Amino acid sequence: MTDLTDVKAAARKAAFARRKQAHSPAAAQAGVAHLIEALMPFKGKVIAGYMPIRTEITPLPAMAALSAWSTIVIPVIEGAGMPLKFAKWTPDCEMVEGAFGAHVPAVKEYLEPEVVVVPLVAFDARGNRLGYGGGFYDRTLEGLRAKHATPAFGYAYAAQQAEGLPIEPTDQPLDGIVTEQGVTFF
């Protein structure tokens, strides 16, 4: 293990504990209006949400509301070291279990997102994020942003904010963070 690997592991452990403490249906519900507010300027675009796992804040109510005027897609993991692909999602589509326990549409119609809502373990006040360590979102955002501007919004509990996150040159920054307390743009 490198020093950076150890630092990231310690930061993740602390962030998971804060997220677990903050996780509640009431806090998640409070974030819904803020997530919709952050995404309203992108009405009509292809928006990537995600299927929550463990104690992640759930974007599902916002995704369902946004599906009335935008196409919603969710990530599909195809393999380690690969960027994510995104399959069309509707509130009533049939879902099956995918990688890491996250559900994916049973029938996959792949589309490229124009805006991405990113789950995370921790974030800081400068728009940096700490993920699970697989690099899926960093690779994906790098590829998307090489083709066109692709705003990325972290969605998390406010308690997941941290100082001094270990950042690498390959880490893709967020354009905003949405929590149950509001929206911050970077």
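Residues numbered from 1 in each chain as written. Predicted model: local features only at pLDDT ≥ 70, side-chain atom pairs only at ≥ 80, totals over all residues. Heavy atoms only, no water.

A. Up close: the overall build of the chain. In terms of helices and strands, the chain carries 4 helices and 11 strands. Computed over C-alpha atoms, the radius of gyration of the chain comes to 15 Å, within 12% of the 16 Å expected from 2.2 N^0.38 for 186 residues, which places it in the range of a compact globule. Each principal axis of the C-alpha distribution contributes one length, and for the chain these read about 45 × 35 × 30 Å. With 186 residues in all, the chain has 47% of them scored as buried. Here the contacts in the chain between residues at least 6 apart in sequence split such that 69% fall between residues at least 24 apart. Between the mean site of the 17 positive side-chain charges and the mean site of the 19 negative ones, the chain shows a separation of 1 Å. (Helix = DSSP H or I, 4+ residues; strand = E, 2+ residues; numbered from the N terminus. Rg over C-alpha atoms; globule rule 2.2 N^0.38 Å. Buried < 20%, exposed > 50% of the residue type's maximum accessible area, 1.4 Å probe, protein only. Contact = heavy atoms within 4.5 Å. Lys, Arg positive; Asp, Glu negative; His and termini not counted. Charge placed at Lys NZ, Arg CZ, Asp CG, Glu CD.)

B. Main features of the packing of aromatic side chains. All told, the structure shown has 4 aromatic pairs when counted by the stated rule. With 6.3 Å between their ring centres and 65 degrees between their planes, Phe100 and Phe136 make a pair best called edge-to-face. Of this pair, Phe100 sits in the loop between strand S4 (95–97) and strand S5 (103–105) while Phe136 sits in helix H4 (residues 136–147), placing them 36 residues apart in sequence. Of the residues examined, Phe100 reaches a relative accessible area of 59% and is grouped as exposed. Note on Phe136: relative accessible area 14%, which makes it buried. With centroids separated by 6.1 Å and ring planes inclined at 85 degrees, the aromatic side chains of Phe153 and Phe185 adopt a geometry described as edge-to-face. Highlighted residues: Phe153 in strand S9 (residues 152–155) and Phe185 in strand S11 (residues 182–185), separated in sequence by 32 residues. On the basis of relative accessibility, which here comes to 3%, the residue Phe153 falls in the buried class. A network of ring pairs unites the aromatic residues Phe42, Phe153 and Phe185 as a single cluster. (Phe/Tyr/Trp six-rings, centres within 6.5 Å; stacked < 30°, edge-to-face > 60°.)

C. Representation of the environment of Ala146. Take Ala146: it is sitting in helix H4. We classify Ala146 as exposed; its relative accessible area is 69%. With 128 residues separating them in the primary sequence, Ala146 and Arg18 have C-alpha atoms 34 Å apart.

D. Quick look at the nonpolar core. Counting residues in each nonpolar core, the largest one holds 42 residues, and the members touching the most others are Leu35, Leu39, Val116, Val117, Val118 and Tyr155. Here this core takes 7 residues from helix H2 (residues 25–39), the largest share from any one element. By size, the runner-up hydrophobic cluster in this structure holds 7 residues, among which are Ala15, Leu130, Ala162 and Leu165. (Core = buried A, V, L, I, M, F, W, Y, C linked by side-chain atoms within 4.5 Å.)

E. The pairing of S11, seen in detail. One ladder, built from 4 bridges, connects strand S10 (residues 176–179) with S11; its direction is antiparallel. For Ile177, the partnering residue across the bridge sits in S11 and is Thr184. As consecutive antiparallel partners, S10 and S11 are separated by 2 residues. (Pairing = 2+ DSSP bridges.)

F. Quick peek at the pattern of salt bridges. What the rule picks out here adds up to 8 salt bridges. A salt bridge links Lys45 to Glu114; the shortest N-O distance between them is 4.0 Å. Of the two residues, Lys45 sits in the loop between H2 and strand S1 (46–48) while Glu114 sits in the loop between S5 and strand S6 (115–118), which places them 69 residues apart along the sequence. Residue Lys45 is classed as partly exposed on the basis of its relative accessible area of 35%. (Salt bridge = Lys/Arg side-chain N within 4 Å of Asp/Glu carboxyl O.)

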